[in-house]
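Listed here are the chains, written in short residue letters.
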Amino acid sequence: MNLLLYGAPGSGKGTQANMLRDRFGIPHIATGDMLRAEIQAGTPLGLEAQPILARGQYVPDDIMIGMIRNRLGKPDCAGGFIIDGFPRTIPQAEALDVLMHELGCSLDRVLYLKVDVSELLQRLSGRLVCPTCQRTYPPSTAACASDGTPLVQRDDDKAEAVRPRIEIYLSKTVPVLEHYRGAGIVSEIDGRGTITEITGRVLAAIGENGRFHA
Ligand code: AP5
Ligand code: MG
């Protein structure tokens, strides 16, 4: 099962991807998590990416396309994957089409988590993240449920970066959805409600036996 989670910053992509990974045992490929790992490790890419993420801007397409090409070519992706955070631009979407063709696979479903901007702002301002495994948690959570690490705020969840992230999503990433609508593989999911309610909607969109519902 090859899934793509699509939605604005704070729409719940990471939250639902973690559930899907645990349930279906397929890798969660999150380009934001990969970039933060590079930053934490102090690699040349991490040094280049750090100020871009902190400002809420996008890392150049050629870097991101190279990163996803490398990751999807790994053996653990052969049985399916969940992509989160890519593609964010039309050139990235076109490159993913080419890559899927080269790998002899295709996207089964694009799961679009639809959430109002006011709710996004509220979620991002309170969000906490585990610096070890990158799982995200609501406000006031003390430690990671998975590994016990104390939680921190992400640099780009500080007030000055949140608005630019939403603005660049609206200008560069909204057109990506149209790219997939043309292919008839988008499930639009109401992203309002509790995490459990949205999980139910995501699983319903995926279907029990490989049948997908728009
Ligand atoms: P990335 O890490 O992908 O960030 P994002 O798209 O801004 O999305 P988030 O991770 O902030 O939100 P999410 O949808 O995962 O929501 P979450 O589940 O955490 O990218 C970061 C940066 O990297 C980009 O800005 C860019 O600079 C760069 N980058 C990455 N990919 C790139 C690419 N392809 N090209 C160029 N640059 C790239 O949920 C949010 C909060 O809400 C959490 O606290 C959660 O607990 C809570 N929550 C979730 N669901 C609910 C619910 N139903 N009700 C209440 N609270 C909820
Ligand atoms: Mg995320």
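Up top is the structure these notes are about.
S.K.: Could you clarify how one ought to interpret the pattern of salt bridges in this entry?
M.R.: A side chain with one charge may pair with a side chain of the opposite charge, provided their charged atoms come close. Scanning the entire structure with this criterion turns up 15 salt bridges. Residues D22 and R21 are paired through a salt bridge, measuring 3.6 Å at the closest nitrogen-oxygen approach. The shortest N-O distance in the salt bridge between R135 and D22 comes to 3.8 Å. Here R135, found in the loop between β5 (128-129) and β6 (136-137), pairs with D22, found in helix α1 (residues 13-24); they are 113 residues apart in sequence, far enough to count as distant. On the basis of relative accessibility, which here comes to 18%, the residue R135 falls in the buried class. In this structure, a network of salt bridges that share partners links the residues R127, R154, D156, D157 and R165.

S.K.: How should I be thinking about the site of ligand 1 in this particular structure?
M.R.: Around ligand 1 lies a shell of 34 residues, among which T15, Q57, R88, R127 and R165 are the nearest. Within the backbone of S11, an N or O atom sits 3.3 Å from an oxygen atom of ligand 1. Within the side chain of R36, a nitrogen or oxygen atom sits 2.9 Å from an oxygen atom of ligand 1. Protein burial of ligand 1: of its 1000 Å² of free accessible surface, 94% is covered by the chains. When residues of the shell around ligand 1 are traced back to their parent elements, those giving at least two are α1, α2 (31-41), α6 (117-126), β6 and α8 (195-206). Ranked by the residues each element gives to the shell around ligand 1, the list is headed by α2, at four residues.

S.K.: I tried to follow the sheet that holds strand β4 (residues 109-114) on my own but got confused; where do I start?
M.R.: Pairing between the strands of a sheet comes from backbone hydrogen bonds, and it takes one of two forms, parallel or antiparallel. With respect to topology, five strands assemble into an open sheet ordered β2-β3-β1-β4-β7, the strand pairing being parallel. At either end of the open sheet lies a strand with only one pairing partner, and these are β2 (28-30) and β7 (186-190). Going from strand to strand, the sheet's axes swing by 20 degrees on average, the running direction of each strand aside. With four bridges joining them, strand β1 (residues 2-7) and strand β3 (residues 81-84) adopt parallel strand pairing. Note that in β3 the partner of L4 across the bridge is I83. Set on the sheet, α2 makes contact with β2 and β3; between it and β2 the angle comes to about 65 degrees. Contacts from α8 reach β1, β4 and β7, with the element oriented near 160 degrees to β7.

Cut-offs applied
Residues numbered from 1 in each chain as written. Chains lettered and ligands numbered in written order. Predicted model: local features only at pLDDT ≥ 70, side-chain atom pairs only at ≥ 80, totals over all residues. Heavy atoms only, no water. Salt bridge = Lys/Arg side-chain N within 4 Å of Asp/Glu carboxyl O. Helix = DSSP H or I, 4+ residues; strand = E, 2+ residues; numbered from the N terminus. Buried < 20%, exposed > 50% of the residue type's maximum accessible area, 1.4 Å probe, protein only. Near = heavy atom within 4 Å. Polar contact = N/O pair within 3.5 Å; in protein donor to acceptor, adjacent residues only side chain to side chain. Areas by Shrake-Rupley, 256 points an atom, 1.4 Å probe, with all protein chains shown as cover. Pairing = 2+ DSSP bridges. Axes fitted to C-alpha atoms, helices over the stretch in contact; angles between N-to-C directions. Contact = heavy atoms within 4.5 Å.

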